[in-house]
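Inside the fold
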Amino acid sequence: MPKNTFTHRFPHSEHNAVLLDVEVRFVLPFEDDEKQLSVKLKALIDTGATGSCISRRLAAACRLEQISAVQIFSAQGASVSPLYEVDIVLPNGSTFEKVSVMEVAGSNNFDVILGMDILTKCDFAISNVDGEMIFTMRIPSSNKVIDFTTEQD
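Since the structure is predicted, the reported quantities are computational estimates derived from the model, not experimental observations.

Strand order across the open sheet formed by 3 strands is E1-E10-E9, with antiparallel pairing between neighbours. Every interior strand has two partners, whereas the edge strands, strand E1 (5–10) and strand E9 (123–129), have only one. On average, adjacent strands in this sheet sit at an angle of 15° to one another, irrespective of strand direction.

One pass over the structure, following the stated rule, counts 2 aromatic pairs. Plain terms: the ring middles of Phe-6 and Phe-135 are 6.3 Å apart, the flat faces sit at 45° to each other, and that makes the pair tilted. A residue pair is termed long-range when its members are at least 10 positions apart, and Phe-6 in strand E1 and Phe-135 in strand E10 (residues 132–138) qualify at 129 residues. In this structure Phe-6 comes out as buried when scored by relative accessible area, which is 4%. In this structure Phe-135 comes out as buried when scored by relative accessible area, which is 0%. Ring geometry for Phe-124 versus Phe-135: centroids 5.7 Å apart, planes at 35°, classification tilted. With Phe-124 in strand E9 and Phe-135 in strand E10, this pair connects stretches of sequence that are 11 residues apart. Of the aromatic side chains, those joined through ring pairs into one cluster are Phe-6, Phe-124 and Phe-135.

Across 3 bridges, strand E4 (residues 53–55) lies against strand E7 (residues 95–104) in parallel orientation. Bridge pairing in E7 places Ile-54 opposite Glu-103. Here strand E6 (residues 77–89) folds back onto E7, and the loop between the two strands holds 5 residues, one of which, Gly-93, carries a positive phi near 95°.

By the element assignment, Glu-23 lies in strand E2 (residues 19–30). Residue classification places Glu-23 among the buried residues on the basis of a relative accessible area of 15%. Every residue in contact with Glu-23, bar those within four places of it in the chain, is listed here: Ser-38, Val-39, Lys-40, Asp-87, Ile-88 and Val-89.

Our focus in this paragraph is the confidence of the model for the protein. Mean pLDDT over the protein: 88, with 92% of residues reaching 70 or higher. Mean pLDDT across the elements of the protein ranges from a minimum in E2, with 87, to a maximum in strand E8 (residues 112–114), with 97.

The next subject is the pairing of E6. Sheet topology places strand E5 (residues 68–74) next to E6; 7 bridges connect them, and they run antiparallel. The residue bridging Val-70 from the neighbouring strand is Ser-81, located in E6. Here E5 folds back onto E6, and the loop between the two strands holds 2 residues. Across 6 bridges, the pairing between E6 and E7 is antiparallel. Residue pairing for E7: Ile-88 is matched across the bridge by Phe-96.

Cut-offs applied
Residues numbered from 1 in each chain as written. Predicted model: local features only at pLDDT ≥ 70, side-chain atom pairs only at ≥ 80, totals over all residues. Heavy atoms only, no water. Pairing = 2+ DSSP bridges. Helix = DSSP H or I, 4+ residues; strand = E, 2+ residues; numbered from the N terminus. Axes fitted to C-alpha atoms, helices over the stretch in contact; angles between N-to-C directions. Phe/Tyr/Trp six-rings, centres within 6.5 Å; stacked < 30°, edge-to-face > 60°. Buried < 20%, exposed > 50% of the residue type's maximum accessible area, 1.4 Å probe, protein only. Contact = heavy atoms within 4.5 Å. pLDDT = per-residue confidence, 0-100.

Right under this line is the structure:
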């Protein structure tokens, strides 16, 4: 498998969302120096999110340093959210550096949301075969159109 691709299979019982294992890297000030730290977490693929997000719980636990604040719009309405900068590493090792992530309430199931700021740099497809959902992704985009209407049965 080329390094720029990966596939994940979800059993029938997990068809409610696409959750991937990712690594989040960040820098913390440490005494007179800085330390690069990383944590492995679950991330939700969310094509409805303009930008990527991290949970309030993760930001607090990692003592991330806020770089700015942004206005966000969600199902709960408009609010102002802290903005942080992190690196996000996908399952195949592809790294998105210095991603500006907004803080959101989060979920018990995931601490990261991969939004369109990352997803527009990739190709991905979801297939359903024999009760299994298969998610496959290529980074960067291949610049080829995925069009199921052109497939021959």
